[in-house]
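Secondary and tertiary structure notes
Residues per chain, in single letters:
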Amino acid sequence: EKLTKLVQGDPKITVQPLKTKYPQGGERTLIAAITGRRLNSSLLPADMGVVVDNVATVVSIYHAVAQSIPLVERVLTITGDAVADPCNFRVRTGTCYKELVEAAGGFKEEPQKLISGGPMMGQALFGLDLPVTKTSSSLTCFTKDEVAAYTPSACIRCGRCLSVCSCRLVPQKMMDAAERGDLELFEKYEGMECVECGTCAYACPARRPLTQAFKEAKVAVRNAKAAKAAAEKAKAEAEKAKAEADKA
């Protein structure tokens, strides 16, 4: 409401309220919700005539352009039920996570799970001896590792993963391909379009590690394509060298 009042009378700015739902803040989801344009993994927002920036990025652009200050700090959230005093910090990049936890009052109880980022898309950590980087957003510390408490079981074909997928994919089929290491089939099922939001794994009653499997499969696909491109380049260079030698 405040933003709407501030831009009243400005024809260049429109405030577009959106529903509070996950993963509404994702780049592709935002673009689809506001413009109706759908982005795939082979395109950048600029290809669709769109630029997506969050508040932190806009502030960093201002610092860089108007004040000649490079990106040297981040606003980081230290949270979770294991933290004594969850809070936000403005910190320099390179600051150790351990120092931030100490500044937040330390741990009330020794955590079983440390995540760089949020609980849905964050990466699990082995420890806190890591620096804050330009992509760091938060540190989430849980007293219990709830994921480890569940044992994955066989898929029961309930379709919950399909119903919650924001990319309109079929996670069940993608998982079958990923488990078999069939990268060609994984691509056929549009696996590379997965944004790794974690909703399918969260909704799965069988507790299957869907998102993790998709992350690994996507990396394998990229590596296979890179290896194929490198081999083709080497072959072309060898043929060119041979042709030049024969000509000489």
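The shown structure was predicted, so the numbers you read here are calculated from the model rather than taken from an experiment.

Let us look at a negative patch on the surface. A cluster of acidic residues, Asp81, Glu109, Glu110 and Glu146, forms a negative patch at the surface. Summarising the element assignment, Glu110 is placed in the loop between helix 4 (97-103) and strand 3 (113-116). Exposure remark for Glu110: the relative accessible area of 62% places this residue in the exposed category.

All right, on to the environment of Ser166 then. Structurally, Ser166 can be placed in the loop between helix 5 (160-164) and helix 6 (171-180). Sequence spacing of Ser166 and Thr199 is 33 residues, and the spatial spacing of their C-alpha atoms is 8.3 Å. Ignoring anything within four residues of it in the chain, the contact list for Ser166 reads Pro23, Val195 and Cys197.

With that out of the way, let us pick up helix 9 (residues 210-247). The terminal C-alpha atoms of helix 9, which comprises 38 residues, lie 55 Å apart, in line with the 56 Å expected from a rise of 1.5 Å per residue. Inspection of helix 9 places Leu210, Thr211, Ala213, Phe214, Lys215, Ala217, Lys218 and Val221 among the buried residues, and these make up the whole buried set. Contacts from the buried residues of helix 9 go to strand 4 (123-124), helix 5, helix 6, helix 7 (183-188) and helix 8 (199-203).

The next point concerns the layout of surface pockets. Volume-wise, the largest pocket comes out at about 1,600 Å³. In terms of lining residues, the largest pocket is bounded by 41 residues, among which Gly25, Gly26, Glu27, Val52 and Asn54 are the most central. Taken together, the residues that form the lining of the largest pocket break down as 17 nonpolar, 16 polar and eight charged. Estimates place the volume of the second largest pocket at around 990 Å³.

In terms of nonpolar packing, the biggest core is built from 18 residues, with Met174, Phe186, Leu210 and Phe214 touching the most fellow members. At the level of elements, helix 6, helix 7 and helix 9 are the ones that each hand at least two residues to this core. Ranked by residue count, the leading element in this core is helix 9, at five residues. With near-sequence residues (within four places) excluded, Phe186 lies in contact with Met174, Ala177, Ala178, Gly191, Met192, Phe214, Ala217, Lys218 and Val221. Formed by 16 residues, the second largest nonpolar core is a distinct cluster that contains Tyr97, Leu114, Leu125 and Val132.

To continue, consider the side chain of Thr140. You can see Thr140 is positioned in strand 5 (residues 138-142). Thr140 has contacts with Thr79, Gly80, Lys113, Leu114, Ile115, Gly117 and Gly118, leaving out every residue within four places of it along the chain.

As a packed pair, helix 6 and helix 9 sit with axes 10 Å apart at the nearest point and diverge in direction by 55°. Taken together, helix 6 and helix 9 sit at an angle that is classed as oblique. In this structure, helix 6 meets helix 9 at a crossing whose hand is left-handed. Of the residues in helix 9, those touching helix 6 at Pro171, Met174, Met175 and Ala178 are Leu210, Ala213, Phe214 and Ala217. Taken together, the residues of the contact of helix 6 with helix 9 break down into eight nonpolar, no polar and no charged.

How each quantity is defined
Residues numbered from 1 in each chain as written. Predicted model: local features only at pLDDT ≥ 70, side-chain atom pairs only at ≥ 80, totals over all residues. Heavy atoms only, no water. Patch = residues over 30% accessible without salt bridge, like charges linked within 9 Å, V, L, I, M, F, W, Y side chains within 5 Å. Areas by Shrake-Rupley, 256 points an atom, 1.4 Å probe, with all protein chains shown as cover. Salt bridge = Lys/Arg side-chain N within 4 Å of Asp/Glu carboxyl O. Lys, Arg positive; Asp, Glu negative; His and termini not counted. Charge placed at Lys NZ, Arg CZ, Asp CG, Glu CD. Helix = DSSP H or I, 4+ residues; strand = E, 2+ residues; numbered from the N terminus. Buried < 20%, exposed > 50% of the residue type's maximum accessible area, 1.4 Å probe, protein only. Contact = heavy atoms within 4.5 Å. Expected span 1.5 Å × (residues − 1). 1 Å grid on protein atoms, 1.4 Å probe; cavity = no way out; pocket = protein on both sides within 12 Å on 5 of 7 lines; lining within 4 Å. Points joined across faces, edges and corners; volume = space filled by probe spheres on them. Nonpolar A, V, L, I, M, F, W, Y, C, P; charged D, E, K, R; others polar. Core = buried A, V, L, I, M, F, W, Y, C linked by side-chain atoms within 4.5 Å. Axes fitted to C-alpha atoms, helices over the stretch in contact; angles between N-to-C directions. Parallel < 35°, antiparallel > 145°, perpendicular 65-115°, else oblique. Left-handed = near helix turned anticlockwise from the far one by under 90°.

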